[in-house]
Structure formats: C-alpha cells, structure tokens
Amino acid sequence: MSLIAARDIHVSYGGALVLDGVDVEVEPGEIVTLVGPNGSGKSTLVKVLLGVVRPDRGTVTRVPGLRLGYVPQKLHIDASLPMTVTRFLSLPTRHAPAEVAAVAARSGIEGLEQRQMTALSGGQFQRVLLARALLTDPQLLVLDEPTQGLDQPGEASFYELLEQVRRETGMGVFMVSHDLHVVMSASDRVVCLNHHVCCSGTPTVVQSAPEYRALFGHGTHGALALYQHDHDHEHDHDHSHGHGGDHAG
C-alpha cells in the first residue's frame, strides 16, 4: 500500500488552473522526485500532500497515522536571535538527549550541537533541518528543493546522506528538485510536472521522454552527461560538472 497517494488533484488560484488532474504516490522505501519548470505547480502539490492546501477536486489518501517529516526550501532565522543547534532541534517538542545524539550522528552534524544556527554553512544548515525532520521518526520525508543555494559538492553529499538515511530507515522520500543531474542519480522514480503530469517513471525512462526534453530543452543533454559521469565515477571532470549544472538548472 502507498504511504500517500494523490488522485485527480485540481487546484486553482484566482481562476488560473495550477494543478490539473495530477496523480502521484509514494511507496515505502521509495525516493520519488518531482521536477518541472518554475511556476509548474510543484510547491502547490507539496502543500496538498502535506495537507496545507485543500484541492478543489481530487483525493489524498495516507496510511493511517502516517508520520510525516518535512524539510523546507529555506528557513530564515533572525541573526540577532541566539539559537543553538540543540535548542533548534528541541522546537517545538523536546526530545531525549539520546534521541538527539542519534539523529545528529545520522545527519552528519555531530560536533555542531552548541554552534549558533546563524553561524552554520548552507550545507550544515540543511543537515540540521533534515535532522529535525528525522526526530519525528517519519515514515515519509517530504523535501522542497532542499539543496537550493548549495554548491555542487554540497548537493551531492546531501543527496548521498539522504540515500543512506533511506537505506537505514526504509522511509519513503518525496522530493522537489531543480537539480536535474542529481535527480537522475538519486531517484527511484521521477515525476515531471507542468500543471499536469507530463511523464513519470524511472530516471532513464523520463530523461528519454519527448515531453521531458521539450520542457528542459538542451539542459537535458547536460543532465544526461552528468548522470553518466556520476554513474561512472569520473570525478576528474569538475569543470564540466559545473558547466552542465548551469544548463540543467
């Protein structure tokens, strides 16, 4: 049974149709990535899955008592606000020190517990957000462009961490991403959205779909090349990775 399944989702804002008959589901232990151009309805679909937006039409079914973890795209913390990592992880619910320590180890943030949130690097900050989401012991983790603003090595290590957490916990992952090249190596299934589902399937199937190529144009060649590189572990082509990343975004 799917952890979560959305069927025939329609959402309009001010008369404009944002989601038009969208179907999407996530199975236990599966990483599903949502891609699509800006303004294609990706964030709205996430809000529908989280229960924040009620669709005009369609249904969302969840396994009973589904535990959800959420990693937002960005979180602004006021620079004048003293907030250590430990304090942040205990909001809004305090957790036992052993639980926090276990999640810190799993998320790769050991040693940062007493650091101020505002003093963290982008990659460290995202790992702390992931750690906080993992404290709820989620069956389904939802991430909205979690690596925006990170450099290529930062993105790659975050996705490797995510893959490792998924292996250890067996949770399902639903992720919105603009990093086409990383998506292709980090996902079991890709859903391409442009108000409706243009195509979906394994990364290999999606990247050869004409609808996908029409949406992402020449960027898909960059994405494809990078996928190949990552796959073959040809890490000596850093300059071409950066170049491809520009096109793929």
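Residues numbered from 1 in each chain as written. Predicted model: local features only at pLDDT ≥ 70, side-chain atom pairs only at ≥ 80, totals over all residues. Heavy atoms only, no water.

Student: So, the overall build of the chain: which residues are in play, and what are the values?
Tutor: A count of helices and strands for the chain gives 10 helices and 9 strands. A buried classification covers 47% of the 249 residues belonging to the chain. For the chain, long-range pairs separated by at least 24 residues make up 68% of all intrachain contacts whose partners lie at least 6 apart in sequence. Per element, the accessible surface of the chain, about 11,700 Å² overall, is 53% carbon and sulfur. (Helix = DSSP H or I, 4+ residues; strand = E, 2+ residues; numbered from the N terminus. Buried < 20%, exposed > 50% of the residue type's maximum accessible area, 1.4 Å probe, protein only. Contact = heavy atoms within 4.5 Å. Areas by Shrake-Rupley, 256 points an atom, 1.4 Å probe, with all protein chains shown as cover.)

Student: Residues and numbers for the nonpolar core, please.
Tutor: When a protein is soluble and globular, its nonpolar side chains tend to lie buried together. Leu89 and Met117 are the most contacted members of the largest nonpolar core, which has 33 residues in total. Secondary structure elements with two or more residues in this core: helix 2 (85–89), helix 3 (97–107), helix 4 (122–134), strand 6 (140–144), helix 5 (152–169) and strand 7 (172–176). No other element matches helix 4, which puts 7 residues into this core. Once residues lying within four places of it in the same chain are set aside, the contact partners of Met117 are Ile77, Met83, Thr84, Val85, Phe88, Phe125 and Val128. If you look at the next biggest cluster of nonpolar residues, it comprises 25 residues, including Ile4, Val26, Leu34 and Val191. (Core = buried A, V, L, I, M, F, W, Y, C linked by side-chain atoms within 4.5 Å.)

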